[in-house]
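Structure assessment
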Amino acid sequence: MIRALAVALVLAVSLSACASDKIVLLPDAEGHTGAVAVLSDDGQERAVITDAYQTASVSSSSVSSSTQDAAAVSAEYGELLDGLPPEPQSFLLYFIRGTSDLIESSESVLPSIFAEIDRRPGAQVQVTGHTDTVGTQADNDALSKNRARVIRDWLIGKGMDAELISAVGRGERELLIETADEISEPANRRVQIIVR
């Protein structure tokens, strides 16, 4: 699976006094990083950094690379890091087979979702509905859209701006647990909510 660019958080700081740029590769919440390639004006690779807290100092004439530790990066860029938005949070809600009714244990997750939205000014929310493989693809598409709509409507009912919520249905296309057709798998009957 290709990780999103947000997973490889890059801190680029312009050091105007030195006429150079410094790039620091930060890990995501799980400790993963991506990679950053530094290219010359003609597209030639000058450096690649791939490790957490690895830095590339770039000037018009040279590129140097080194690795710092988390404490050193925090000490040097703490104020800038404190201003970064929080990592996206993901929630899963599960449904009774063939319906848009939440199972009882998922109802207790709803307040946590709204609390996460509430702590982020201007939060954007993506609601994606899913189904298991029981039924036709067309029926599952409709059911997954309806599940997403139900959760979207709940969020709007709690005061969230409708313009900040998108809702889509994926039917049985993105199974959490891979199964054959016509298999009732509770983990696949879900809505994923990503709060940014």
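Quick look at the pattern of salt bridges now. In the structure shown here, the tally under the stated rule is seven salt bridges. Note that Glu-116 is salt-bridged to Arg-119, the shortest N-O span being 3.0 Å. Residue classification places Glu-116 among the buried positions, given a relative accessible area of 10%. One salt bridge connects Arg-120 with Glu-116, and the closest N-O pair in it is separated by 2.7 Å. Overlapping salt bridges bring together Glu-116, Arg-119 and Arg-120 as one network.

A separate point is unusual backbone geometry. Within the chain, Tyr-53 stands out as a residue other than glycine whose phi angle is a positive 70 degrees. Relative to the helices and strands, Tyr-53 resides in the loop between strand S4 (45–49) and strand S5 (54–59). By relative accessible area, Tyr-53 is classed as partly exposed at 21%. Even without a glycine there, the phi angle at Glu-182 is positive, about 65 degrees.

Turning to the sheet that holds strand S7 (residues 89–94), a few remarks are in order. What the four strands build is an open sheet, ordered S7-S10-S8-S9; its pairing is mixed. The strands lining the two open edges of the sheet, one partner per strand, are S7 and strand S9 (165–169). Taken over all neighbouring pairs, the strand axes of this sheet differ in orientation by 15 degrees on average, direction set aside. Across five bridges, strand S8 (residues 125–129) lies against S9 in parallel orientation. Bridge pairing in S9 links Val-125 to Ile-165. Its contacts with the sheet put helix H3 (residues 110–118) on S7, S8 and strand S10 (190–195), and the angle it makes with S7 is roughly 155 degrees. Along the sheet, helix H4 (residues 137–157) makes contact with S7, S8, S9 and S10, crossing S9 at roughly 160 degrees.

Here S8 lies mainly inside the structure; four of its five residues are buried. Following the backbone out of S8, through H4 and into the adjacent parallel S9, one traces a crossover that is right-handed. Direction of pairing for S8 relative to S10: antiparallel, over a ladder of five bridges. The partner of Thr-128 across the bridge, within S10, is Gln-192.

Parameters and conventions
- Residues numbered from 1 in each chain as written.
- Predicted model: local features only at pLDDT ≥ 70, side-chain atom pairs only at ≥ 80, totals over all residues.
- Heavy atoms only, no water.
- Salt bridge = Lys/Arg side-chain N within 4 Å of Asp/Glu carboxyl O.
- Buried < 20%, exposed > 50% of the residue type's maximum accessible area, 1.4 Å probe, protein only.
- Helix = DSSP H or I, 4+ residues; strand = E, 2+ residues; numbered from the N terminus.
- Pairing = 2+ DSSP bridges.
- Axes fitted to C-alpha atoms, helices over the stretch in contact; angles between N-to-C directions.
- Contact = heavy atoms within 4.5 Å.
- Right-handed = clockwise from strand over helix to strand, strands pointing away.

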